[in-house]
Amino acid sequence: MKTSRILAAALLVVGSGLALQAAKAQQAGLHRTDLLQHDLGQPGRETVQVRVDFDPGAVSINHSHPGEEVAYVLEGSLEYQLEGRAPVTLHAGDALFIGAAHLAKNVGNGKASELATYIVEKGSPLVVPVK
């Protein structure tokens, strides 16, 4: 019984690592810097802050999150395509509430960066690819 629990935990860790590598591999030109992860007062929820730097022309995969995201553009210009809505372009200093599947694209001439704040279910994958 104890051996099966250890094996299950090991498989979970390996599987999580492979899923994270696959998500990163699909996002060439994107560079993530994890800044903060903290539990919220509501059980089972947490907030995560990440800086995402986009090389010129870089596009994220179409994805969702197990909760909501607030994106704040730090530099450059990013076009966000939210499911069911027309694309919107944000520039440095603009913010957007994201509660649906989406993708983001650097539409400027140089690097673009966003501060992404996620309010999500604790323990769930942060990025869920959408087809």
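Just so you know, these numbers come straight off a predicted model, no measurement behind them.

Visitor: An account of the confidence of the model for the protein chain is requested, with residue identities and associated values reported.
Guide: For the protein chain, per-residue confidence averages 85 on the pLDDT scale, and 80% of positions sit at 70 or higher. Per-element mean pLDDT across the protein chain ranges from 44 in helix α1 (residues 2–25) up to 98 in strand β6 (residues 88–91). Across residues 7–26, confidence stays below pLDDT 50; counting only partners more than four residues off in sequence or on other chains, it has one contact.

Visitor: Please give an account of the pairing of strand β4 (residues 67–75) that cites residues and values.
Guide: The sheet contact formed by β4 and strand β9 (residues 112–121) spans eight bridges and is antiparallel. In the strand pairing of β9, Val-70 is matched with Thr-117. With four bridges joining them, β4 and strand β7 (residues 95–98) adopt antiparallel strand pairing. Across the sheet, the residue bridging to Tyr-72 is Ala-95, located in β7.

Visitor: Please provide a residue-by-residue account of the pattern of salt bridges, values included.
Guide: Counting across every chain of the model gives seven salt bridges. In this structure, Asp-53 and Lys-111 form a salt bridge, with 3.9 Å as the shortest nitrogen-oxygen distance. Taken together, the residues Asp-53 in strand β2 (residues 45–54) and Lys-111 in the loop between β8 (102–106) and β9 connect sequence positions 58 residues apart. Here Asp-53 falls in the buried class, since its relative accessible area comes to 11%.

Scoring rules and cut-offs
- Residues numbered from 1 in each chain as written.
- Predicted model: local features only at pLDDT ≥ 70, side-chain atom pairs only at ≥ 80, totals over all residues.
- Heavy atoms only, no water.
- pLDDT = per-residue confidence, 0-100.
- Helix = DSSP H or I, 4+ residues; strand = E, 2+ residues; numbered from the N terminus.
- Contact = heavy atoms within 4.5 Å.
- Pairing = 2+ DSSP bridges.
- Salt bridge = Lys/Arg side-chain N within 4 Å of Asp/Glu carboxyl O.
- Buried < 20%, exposed > 50% of the residue type's maximum accessible area, 1.4 Å probe, protein only.

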